[in-house]
Structures are given as structure tokens and as C-alpha cells.
Amino acid sequence: MSLLRDLYQEVILDHSKSPRNSAQLSDANRQADGYNPLCGDKVTVYLKVEDGVVEDVSFKGAGCAISTASASLMTQAVKGKGLAETEELFKRFHGLVTGKAEEGAELGELMAFQGVSEFPVRVKCATLAWHTLQAALEKEAGIISTE
Amino acid sequence: MTTGQSMTAAGSSSIGESRLDVEQIRQDFPILGQQVNGKPLVYLDNAATAQKPRVVIDAIQEYYQTYNSNIHRGVHHLSQVATEAYEKARVKAQRLLNASESREIIFVRSTTEAINLVAQTFGRERLQAGDEVVVSAMEHHSNIVPWQMICQEKDARLRVIPINDKGELLLEEYERLLSERTRVVAVTHISNALGTINPIEQMIEMAHQYDAAVLIDGAQGAPHLPLDVQALDCEFYAFSGHKFYGPTGVGVLYGKGDLLDSLPPYQGGGEMILSVSFEETTYNVVPHRFEAGTPNIVGAIALGKAIDYVTHIGLERIAYHEDELFRYATQQLSGLPELTIIGTADSKASITSFVMDDIHAHDVGTILDQEGVAVRTGHHCAQPVMDCFEVPATSRASFAFYNTKEEVDVLVEGIGKVIEVFK
């Protein structure tokens, strides 16, 4: 059970059951859709970006515990952050879930996703919202797929 | 290793007995003895692909080690041996399906290729603007997309037989869809996502009232039910080798001989021709007309071995054992209040799809995997089915004749773990 407990940490279970910032953002000025064809997870990330800062962020979508919790915790992590800082955070998060975490990388609550690195097929679940966030920031058209 | 040496399972579990000696049979499948994540492997993903008995694995090795050669070409010894083995495999498939002639058996890559072949030959030749192709709401994507493609090209219309909330086709709606415009009915024998066994005999008869041709997607049907294509009277029946305990990359398309004779080739190339000049090409006879290029020779031969193995045990006995297992699994899983079975048709086979309250299938799959239990999670390449039931994905346990009640118990215990993690 210990590997499973590492994956499904309390904070992840909490955010998957009660996701934060899970609603359409009425004054969003950027948004993107993400899709993981492997499991059918879909997420839309809404952003309000002002003067290079993520003023507000939310998401909507249906998915597994890992992808829902990741989206929820991501919104908390990037709210109020500058764009470069957000980009850097994604880089560190990606390193964390793929088992290539940088030494001493500051990730706060996102550290809960460390256990994902033991489950390679679940990396896409953990990063779907982040990829979608990145697409929204880059204002890429169309749906972002994990494939 | 000589061929036919290790037909142990069926041989030792005497044929007269109605019950399978499952423990003995399991010895024939080398993969089943291993541990996964520190637990004995419980392989319940048979609808995705089945495991291979030793006779099949040995046949592959034997081919490459002793008679690897191209077929229908060389006058040399090895080519003759390979050709004979390949054509023998065709006869084995013919007998399995009870087709009247071996030329009615076309070796393809997969069920998917078989359906594409029919869509691109029969469909291309026979469909006209305004014609209709009837599929069902429970089809695998591979029995939807090839028809969508040809319908688009021919300006024909794809019609869909709806299903009820048990996952059964609505036959009265099917009757209503059929008309003089119906050219093809393409329907699955057993639903890969729901386990429903469709009443194909009746459906074929109904289609024939309107002179429509019928293709049966037998990817899930062939490994689990005894078949007789002459009695069924379907125009086409397709199945995959790898779900039939054979290798990947080979499949079978049965087609009625006269019909196949009247169809244009699928792909151009070697083997499918009689003579070629730059002015004109004469196509080969059936089935070679539909087998352009060097086929999956070893795949067909090894599938032949799988057919020997399965038919030696007997599909009736296999169906009986699997049905018992399936009923036991359904009973055990139905007892869990957190779990809902998707697909509760009166007639079902060896597939149990389920969803769990507030727990996504993907999480179920990961936790079960930690218990050594392999199930499929996702939309099972049947997104329209998921839409019907308004679920994004299901977990699916699918059984084969080498599975046991004890393995079902491990699955149920594993689901207990899932509930524990998420409680």
C-alpha cells in the first residue's frame, strides 16, 4: 500500500474530492482545452492575465483523481504569479512527476505529486492541466492533447 | 520442438469431461506464472488481447528456426513447407468458422483491417449516393470509422441502431432503420465495452429481407462462442488472431465465396496479381486477390496452432467455463454498493464493465495493478457507448478460459483496496 499512499496522498484525495477554483472564470481573457485520449480526461483552463501576471485562474473538467487534484492545486499555485515564474513552476513540477526533480526545487503543496514518478503511465494525468495552462498562456488555438 | 507435441492442456484434461482442468491449462501459458508488483499476475484484460499458449510461441520459433521462407513463390523446399503451413492455417480457420471453402478465408492484419477491406471493396463498389450503412451504438471505433470514411466518399448515410439502458440493441428500431436503401449492416457479435451478445442470427435474417449484406465484427465473439458462418448466413465475419490466443498482426476475414469473387482488390502489389504489364494487370483469384504483398506468414501459422489448441479444448466447454466465471464475477461485484456494472444485457459473455462512485476508472486501474490485477480502463475505443451511459470511462474485467474463481476473488479484494484508498 505504501506506493499507493505515496501516489494518493491526503492532499491529492482532498483536492480530487473538493477541487478548488473549479468553475468557469467569467472575466477570463485566455483559455484552452486539454484532452488525454488515453483515459478521456478533459480539462478547460481559464486565465485572467494582466500586465504579465496571472491575476486569476480556474478550471473545469472531468478526470481521474490525479488529474483533478493536479488542476486544483495548480490553480492555487499559479494565482498571482508572473508568467516567467509560472513557466518555471511547470518546469519544476514536470521534473518532480517524471522523477527528475531539481535539487531543492521549491514546490510547496505540489510536492504531493512526487509519488506520480513511480507510476509513469500517470504522468500525463498529472501534467494535463499544466500543459493546458501553458497552451492558454501561449494562446494556442484548438485542443491540447497529451498524445 | 516438433509441432503438435505439447497439446497438453486439452490432452490431459480428458475431452470427455465437461469441466476444464484449469490448473493444467494454466501450465500451457508461460506468462501466467509470473508476479506483477510482487503479486501473482491476475490477467483480466483478455478482451484487449489474450495470452498465448506455449504451442503458439513454439510455432513462431519453429517457423523462424526451421522453415522461414516466402510463400507461393519459390520452387525450393523451404518455400514449399512454408506455403503448405500457411495454407493449412487457412483450412484451420475455415473449419473453425465452418466456412464451405478455404478460399473464403482471407488473412489480414486484424479485425480492423478486415473491416476496412470490406468497406473499401464492397463499400466502394456497391455504395451509391443516398444508400445507407447501418451500424450499432455499441460498435468499436473500428466498426464505425471505416464506414464513416466510405459513406463520406460515396455520399451515403451512416445509420445507428440505438441501445437501451441495459446495453441491448433495440431490434424494433433496427427494423425501422432497414429499407431498400440499406446496403450494409455492420454489427458486433459481442460488445467489447459491455459484453452484450447480440442476436446476430435474427439481425442477419432481418437485413437479408432488404438484400443488405451483413458484416459481423467477431473480435470478441470468435474467441468465446462456437461459430458456423453457413448457418449464420452472414456475408462477412472478421476476427483478430491476438484475441484468439494467437499472435498480433494477423486476423481473419471470412467472406462468401461468390461475393468475394465479384469484388475488386483491396490493395495492389505482389501476390494479388496473375500478370502485370504497364498497360494492364490481371488480378489473382480469391483469396490471393485480397492478400497483396508478403503476408504475416508466421502469424497465420501460429494462429492456426491457436485454433488447434482452442478447438481441441472445445469452444462449448470454453464458453461454459467462461460463463460460470462471468456469472460469479457479476454476482461478487454486484454485492459492492460503491460499484455499478455498465451493461446488464440478458445475454452477455465474459466481459464485465463497471464504474465506481466518485472514483475514476484510471485510479481503479492503478490500484488494481498494484495488486497484480490487470484490467482495462478507459473508453475501450467505444466512445459512443460511453456517451450512451454518460460515463467518461469504465474499468473492464474480461475473462478467458484460463481464469479462475480465485482470480475473481483477488479482483474483488482489489476493489476493496480501491475503496479503502478513497474512503
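All residue numbers here refer to positions counted from 1 along the written sequence of the relevant chain. Chain letters start at A and ligand numbers start at 1, both assigned in the order the entries are written. Two thresholds apply to this predicted model, a pLDDT of at least 70 for residue-level local features and 80 or more for giving and counting side-chain atom pairs, whereas whole-chain, interface and lining totals are computed over all residues. Water and hydrogen atoms play no part in the side-chain values, which are based on all heavy atoms of the structure.

**Description of the sheet that holds strand S9 (residues 236-240) of chain B**
Residue and element names in this part refer to chain B.
- Strands are treated as partners if at least two bridges between them are detected by DSSP. Every helix listed is a DSSP run of H or I at least four residues long, and every strand listed is a run of E at least two residues long, numbered separately from the N terminus. If you walk across this open sheet you meet the 7 strands as S4-S10-S9-S8-S7-S5-S6, and the pairing is mixed. Strands with a single pairing partner mark the edges of an open sheet, and in this sheet they are strand S4 (105-108) and strand S6 (157-161). Mean inter-strand twist for the sheet, computed between neighbouring axes without regard to direction, equals 20 degrees.
- With 5 bridges joining them, strand S7 (residues 182-188) and strand S8 (residues 213-217) adopt parallel strand pairing. Paired with Val187 across the strands is Ile216, a residue of S8. To obtain an axis, a line is fitted to C-alpha atoms, over the contacting stretch when the element is a helix, and the angle between two such axes runs from 0 to 180 degrees between their N-to-C directions.

**Some points on unusual backbone geometry**
Residues and elements named next belong to chain B.
- Omega for the peptide link from Val286 to Pro287 comes to 5 degrees, which places this bond in the cis form.
- One can find Pro287 in the loop between strand S12 (281-283) and helix H11 (297-313).
- Residue Ser350 is not a glycine yet carries a positive backbone phi of 50 degrees.
- Looking at where Ser350 falls in the secondary structure, it is placed in the loop between strand S13 (339-342) and strand S14 (351-356).
- Accessible area is worked out with a 1.4 Å probe on protein chains only. A residue is then buried under 20% of its type maximum, exposed over 50%, and partly exposed in between. By relative accessible area, Ser350 is classed as buried at 2%.
- The phi angle at Asp358 is positive, at roughly 55 degrees, despite the residue not being glycine.
- Mapping Asp358 onto the fold places it in the loop between S14 and helix H13 (361-370).
- According to the relative accessible area criterion, Asp358 is exposed, its value standing at 79%.

**Points about the confidence of the model for chain B**
Residue and element names in this part refer to chain B.
- You can read pLDDT as the predictor saying how much it trusts each residue, on a scale of 0 to 100. Confidence along chain B averages 94 in pLDDT terms, with 96% of residues attaining 70 or more.
- Across residues 1-17, where pLDDT falls below 50, the model places 30 contacts with residues more than four positions away in sequence or in other chains.
- The ipTM assigned to the predicted complex is 0.86, against a pTM of 0.91. We call two residues in contact when some of their heavy atoms are within 4.5 Å.

**Things to note about the sheet that holds S13 of chain B**
Residues and elements named next belong to chain B.
- Strands sit in the order S13-S14-S17-S16 across an open sheet of 4 strands; the sheet is antiparallel. Bordering the open sheet on either side are S13 and strand S16 (376-378), each of which pairs with just one other strand. Neighbouring strand axes in the sheet, compared pairwise and without regard to direction, differ in orientation by 30 degrees on average.
- Sheet topology places S16 next to strand S17 (residues 394-398); 3 bridges connect them, and they run antiparallel. Each residue of the ladder has a partner; that of Arg376, found in S17, is Arg396.
- The strands that helix H15 (residues 405-422) touches are S13, S14 and S17; relative to S14, the one it contacts most, it runs at about 15 degrees.

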